[in-house]
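Structural overview
What follows is each chain in one-letter form.
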Amino acid sequence: MMPQVPVLLAAASDGGHTGIDLLLPEGYDIFWSAVVVVLVAVAMYRWVLPNITKILDERTEKIEGGLAKAEHAQAEASAALAEYHRQLSDARAEAARIRDEARAEGAAIVADARGRATDDAARILENAQRQIEAERTQAAVALRAEVGALATELASRIVGEALADQARQSRVIDRFLDDLEASAAGKES
């Protein structure tokens, strides 16, 4: 408790200020404080505030410029995206068209190849039939000549006389072959 006593004694010996007067400063302190505040305010208003305003204005312009650039870049990006989507849809349509053309060409090539193969097969078959017919005719002629020669020789042996006359020989051979064909046709019916 000792330290409180000197503080109270010092406050009482101060010149008689009591109550609210203890909180209020003297008039000359208020005056000189006001002068200093005004001088600082004028200096702030005159030199510091314009620099701060200038810096804030520059920052505002940079921000607004950046926003404008960003909006411009956004618009360009949107336009580029729209162009990309348009080109992509065009490319897809072109790819579908090319695919359809390729399918049509493939079908045409297959049809053409089938047609040529059919034509080639028909031509080969026709040639084979002609060749077979020619060979059959040739074989028939050769067989007829051989059968005729054998028939003539056989008839010569049976008759005992040579059938040297060509006309007679041809008639005998033709008659023999006609009889042979008639008997073969009668068996088939």
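What you see is a predicted model; the values in this text were computed from it and never measured. Along each chain, residues carry numbers from 1 onward, in the same order as the chain's sequence is written. Where local features are concerned, this predicted model is filtered to residues with pLDDT of at least 70; where side-chain atom pairs are given and counted, the filter is 80 or more; whole-chain, interface and lining totals use all residues. Only hydrogens and water are set aside; all other atoms, that is, all heavy atoms of the structure, feed into the side-chain values.

Side note on the overall build of the protein
Starting at the N terminus, helices and strands are each numbered in turn, a helix being any DSSP run of H or I of at least four residues and a strand any DSSP run of E of at least two. Along the backbone of the protein there are 3 helices and 0 strands. Taken from the N to the C terminus, the helices and strands of the protein come in the order α-α-α. Taken across its 189 residues, the protein has 5% of its residues classed as buried. To be clear on the numbers: accessible area is Shrake-Rupley with a 1.4 Å probe, and residue cover counts the displayed protein chains and nothing else. Split by element, the accessible area of the protein, about 16,200 Å² in all, is 64% carbon and sulfur. Think of it in three bands: residues with accessible area under 20% of the maximum for their type are buried, residues over 50% are exposed, and the middle band is partly exposed, with areas taken using a 1.4 Å probe on protein chains only.

Some words on the confidence of the model for the protein
On a range of 0 to 100, pLDDT expresses the predictor's confidence in each residue. The share of residues in the protein with pLDDT of 70 or more is 84%, and the mean pLDDT across the chain is 84. Predicted confidence in the protein is weakest over helix α1 (residues 4–12), with a mean pLDDT of 49, and strongest over helix α2 (residues 27–159), with 91.

With respect to the pattern of salt bridges
By definition here, a salt bridge exists when the distance from a side-chain nitrogen of Lys or Arg to a carboxyl oxygen of Asp or Glu is within 4 Å. Under the defined criterion, the tally for this structure stands at 9 salt bridges. Note that E83 is salt-bridged to R86, the shortest N-O span being 2.4 Å. With E83 and R86 both in helix α2, this residue pair falls 3 residues apart, about one helical turn. What makes E83 partly exposed here is its relative accessible area of 32%. The salt bridge involving R130 is made with E126; its shortest N-O contact spans 2.3 Å. Of this pair, R130 and E126 are both found in helix α2, 4 residues apart, which corresponds to roughly one turn of the helix. Here the salt bridges do not stand alone but share partners, grouping E83, R86 and D90 into one network.

Observations concerning the packing of aromatic side chains
Stacked, edge-to-face and tilted are the three classes for Phe, Tyr and Trp ring pairs, Trp counted by its six-membered ring, which pair at centre distances within 6.5 Å; planes under 30 degrees apart are stacked, over 60 edge-to-face, the rest tilted. Under the definition given, this model contains 1 aromatic pair. Measuring from centroid to centroid gives 5.1 Å for F31 and W32, while their planes differ by 75°, and the two rings are edge-to-face. A relative accessible area of 48% places F31 in the partly exposed class.

Some remarks on a nonpolar patch on the surface
In this analysis, a patch consists of residues with relative accessible area above 30% that form no salt bridge, clustered at 9 Å for like charges and at 5 Å for the nonpolar side chains Val, Leu, Ile, Met, Phe, Trp and Tyr. Taken together, V36, V40, M44, W47, V48, I52 and L56 make up a surface patch of nonpolar side chains, about 650 Å² in accessible area. Using a relative accessible area of 56% as the deciding quantity, one classes W47 as exposed.

Points about a negative patch on the surface
When charges are tallied, Lys and Arg are placed among the positive residues and Asp and Glu among the negative ones, while His and the ends of the chain are skipped. Lys charges are placed at NZ, Arg charges at CZ, Asp charges at CG and Glu charges at CD. Taken together, the side chains of D57, E58, E61 and E64 make up a negatively charged region of the molecular surface. Mapped onto the fold, E61 is located in helix α2.

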